[in-house]
Amino acid sequence: MERYDLLYRLYDDFDTETLREYQFFVDLFPPVDSRVALEHWEEASDELEGRKAEIRNALPRGATFADVAAYADREAAFTALDLLNRHGRAVNALVLDVDETLRSAGGTDNEIPRETLHLLTEFHERGVPIVICTGQTLENVKGFMIQGLGNELVHSGTFSIVYESGNGVFTPGQGSRTKQLLYEELDEEVRSVFDEIRARVLPEAPEDVRHGCHLQGNEFNVTLKPNFETGSPDAERVIDAGMVHLIDLLGEAVVDALGGAPAEDATAATGSAWARAHYADSDPEIREVLEEEGAAADVAPADVPASVRELFERIDIGYYHADAAEITSLELNKVAGVEAALDVLGVDDPFVLVMGDSKSDLRVMRWAAENDAGIAAAPDHASRDTLSHVLETDELVFDRGQSAQMLRTVYVLNLLARLD
């Protein structure tokens, strides 16, 4: 109980709110070519150091508690200590989704906030590897991470990007293991399905989808993105129609990969009907969209031939409301990418912070929970299943656009773990 008692003393006896304001100002003051501004920053830095010295001199292990006060309010600090007591470990790697997690179209103007970027550099300087885990293309993610975190950090050897939801891993500074093309390990049957869909998806799309969507420049996944603003009614319309189109193409491509309709099938059903039935049965959200689009399956899931179903079970349909519809490999999801990234980073006994908002992030969260390999956090607008998992575990839910709020908590968890 000593650590709890010391936290109570810290927040009862000291003006921690003002201390945090000074720390925030010192950390995030923009570089300005002005003597007056520089003098103002130096005065704030001196005041910050003085307030921290008071805590260092008053409390046992005061240097750690001074840092705790500088980064976390009372609620975050006690949450961090509760997490430490529950799990008994510091976080030794970060696994972070980008869109609607680190940044939000509705909360941060689709930019990663400066405070979040600064906290990531703080973790990096304390030796905590960072894994960016996203459905986006490598070149896109690498570009804005270098812009936000700097070329030196990204190429430090302790930073990795899992891209296209696990189809590839990029870890600069790791020699021959710098880029791992995990999708090359898939068998020819699965790769032929993706090749056929990629070739047909736009040329054979309905007119509104063909003109209202574009293909994301992936190496392997097939992802339709709207030409309209993400989240808008127009984006919702074309993505819903695009998802139906992708499901139908997938069904046809699977039948082609198997050499035609299986001999045991005695119905007049097509691959598209089987795909609609299978994916509606596996995902309630997809079923709702199919019904609203007037595209509900006219066969039962049990009518899908076994050989077709087996191939469907290796391929996933990703639906992101008014944002994207995509086809991915279930054998190469974010979990496979994260495991490969942690391996090349040398994290042998992982206890990670997983932050994300979608079904693909949920798989990583469940992997962490099932293997006692980390904790999970999600924004309050995450998918229902993702939020349910987070609330059932450590209840680490943060406000839209406030990823720094959770990073601060985990940063303090690691500070407190040093007291052991």
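Residues numbered from 1 in each chain as written. Predicted model: local features only at pLDDT ≥ 70, side-chain atom pairs only at ≥ 80, totals over all residues. Heavy atoms only, no water.

Enquirer: I keep staring at the overall build of the protein chain and nothing clicks. Help me out?
Expert: When helices and strands are counted, the protein chain shows 18 helices and twelve strands. Against the globule reference of 22 Å for 420 residues, the protein chain gives a C-alpha radius of gyration of 24 Å, in line with a compact fold. The principal-axis extents of the C-alpha atoms in the protein chain amount to approximately 80 × 50 × 45 Å. The buried share of the protein chain, taken over its 420 residues, is 55%. Counting every atom, the protein chain has about 18,300 Å² of accessible surface; 45% of that belongs to carbon and sulfur. The protein chain carries 35 positive and 81 negative side-chain charges, and their two centres are separated by 4 Å. (Helix = DSSP H or I, 4+ residues; strand = E, 2+ residues; numbered from the N terminus. Rg over C-alpha atoms; globule rule 2.2 N^0.38 Å. Buried < 20%, exposed > 50% of the residue type's maximum accessible area, 1.4 Å probe, protein only. Areas by Shrake-Rupley, 256 points an atom, 1.4 Å probe, with all protein chains shown as cover. Lys, Arg positive; Asp, Glu negative; His and termini not counted. Charge placed at Lys NZ, Arg CZ, Asp CG, Glu CD.)

Enquirer: How do you make sense of the layout of surface pockets when you look at a structure like this?
Expert: Summary: where empty space remains is shown by rolling a probe the size of a single water molecule over the atoms. Taken as a whole, the second largest pocket holds about 540 Å³ of empty space. In this structure, the second largest pocket is lined by 24 residues; those nearest its centre are Asp73, Glu75, Ala76, Gln405 and Thr409. At the level of secondary structure, the elements contributing two or more residues to the lining of the second largest pocket comprise α2 (16–28), α5 (74–87), β12 (396–398) and α18 (403–417). For the lining of the second largest pocket, the element with the most residues is α5, which contributes six residues. A breakdown of the residues in the lining of the second largest pocket according to their chemical character gives nine nonpolar, four polar and eleven charged. (1 Å grid on protein atoms, 1.4 Å probe; cavity = no way out; pocket = protein on both sides within 12 Å on 5 of 7 lines; lining within 4 Å. Points joined across faces, edges and corners; volume = space filled by probe spheres on them. Nonpolar A, V, L, I, M, F, W, Y, C, P; charged D, E, K, R; others polar.)

Enquirer: Hey, could you run me through the sheet that holds strand β7 (residues 222–226) in this one?
Expert: Note: strands within a sheet are paired through backbone hydrogen bonds, in either parallel or antiparallel orientation. The strand order β6-β7-β9-β8 describes an open sheet built from four strands, whose pairing is antiparallel. At either end of the open sheet lies a strand with only one pairing partner, and these are β6 (213–215) and β8 (315–320). Each strand axis lies, on average, 20° off the axis of its neighbour in the sheet, ignoring direction. Where β6 lies against β7, three bridges are found, and the strand directions are antiparallel. Bridged to histidine 214 within β7 is lysine 225. (Pairing = 2+ DSSP bridges. Axes fitted to C-alpha atoms, helices over the stretch in contact; angles between N-to-C directions.)

Enquirer: I would appreciate a short explanation of empty space enclosed by the protein in the present structure.
Expert: Per the stated rule, a full pass over the model turns up three cavities of 30 Å³ or more. A volume near 100 Å³ is recorded for the largest cavity. Along the walls of the largest cavity sit 14 residues, with Ser165, Asp316, Thr328, Ser360 and Arg363 positioned nearest its centre. Among the elements of the structure, β8, β9 (324–329) and α16 (359–370) are those that each provide at least two residues to the lining of the largest cavity. Here the lining of the largest cavity is composed, by residue class, of three nonpolar, six polar and five charged.

Enquirer: Help me out: how do you make sense of the pairing of strand β1 (residues 93–96) in this one?
Expert: The side chains of a regular strand alternate, first on one face of the sheet and then on the other. Neither face of β1 is exposed, since Ala93 and Val95 on one face and Leu94 and Leu96 on the opposite face are all buried. Where β1 meets strand β10 (residues 352–355), four bridges bridge the pair, whose relative direction is parallel. Within β10, the position partnered with leucine 94 by the bridge is leucine 353. In the sheet, β1 pairs with strand β2 (residues 130–133) via three bridges, with the strands oriented parallel. Its bridge partner being in β2, valine 95 is matched across the sheet by valine 131.

Enquirer: What exactly am I supposed to notice about helix α1 (residues 2–13) here?
Expert: Each α-helix turn comprises 3.6 residues. Residues three or four places apart therefore point the same way. Along its twelve residues, α1 runs 16 Å from first to last C-alpha, staying within 8% of the 16 Å computed at 1.5 Å per residue. Against the buried residues of α1 lie α2, α3 (35–58), α4 (62–71) and α5. (Expected span 1.5 Å × (residues − 1). Contact = heavy atoms within 4.5 Å.)

Enquirer: Please explain the sheet that holds β10 as it appears in this structure.
Expert: If you walk across this open sheet you meet the eight strands as β5-β4-β3-β2-β1-β10-β11-β12, and the pairing is mixed. What marks the edges here is a single partner per strand, and that holds for β5 (179–181) and β12. Sheet twist, expressed as the average angle between the axes of neighbouring strands with direction ignored, equals 15°. Packed onto the sheet, α16 meets β1, β2, β10 and β11 (374–379) and runs at close to 155° relative to β10. Set on the sheet, helix α17 (residues 384–392) makes contact with β11 and β12; between it and β11 the angle comes to about 130°.

Enquirer: So what exactly am I meant to see when it comes to the environment of glycine 318 here?
Expert: Its place among the elements puts glycine 318 in strand β8. Classification of glycine 318 as buried rests on a relative accessible area of 5%. Each C-alpha atom of the pair glycine 318 and threonine 223 lies 8.8 Å from the other, and the pair is 95 residues apart in sequence. When sequence neighbours within four positions are dropped, the list of residues in contact with glycine 318 reads Ala324, Ala325 and Glu326.

Enquirer: Is there a simple way to explain the pairing of β9 in this structure?
Expert: Most of β9 is tucked away: six of the six residues are buried. Where burial is concerned, the two faces of β9 agree: the one with Ala324, Glu326 and Thr328 and the one with Ala325, Ile327 and Ser329 are both buried. The sheet contact formed by β7 and β9 spans three bridges and is antiparallel. Residue pairing across strands places threonine 223 opposite glutamate 326, the latter belonging to β9. Pairing between β8 and β9: six bridges, direction antiparallel. Bridging across to β9, isoleucine 315 finds its partner in serine 329.

Enquirer: Just to check I follow, could you spell out the pattern of salt bridges for this structure?
Expert: Where side chains of opposite charge bring their charged atoms close, a pairing between them can arise. In total, this model carries 30 salt bridges according to the counting rule given. In this structure, the salt-bridge partner of aspartate 394 is arginine 86, at a minimum N-O distance of 2.6 Å. Within this pair, whereas aspartate 394 is found in the loop between α17 and β12, its partner arginine 86 is found in helix α5, the two being separated by 308 residues in sequence. On the basis of relative accessibility, which here comes to 48%, the residue arginine 86 falls in the partly exposed class. Among the charged side chains, a network of salt bridges with common partners joins Asp187, Glu189, Arg314 and Glu331. (Salt bridge = Lys/Arg side-chain N within 4 Å of Asp/Glu carboxyl O.)

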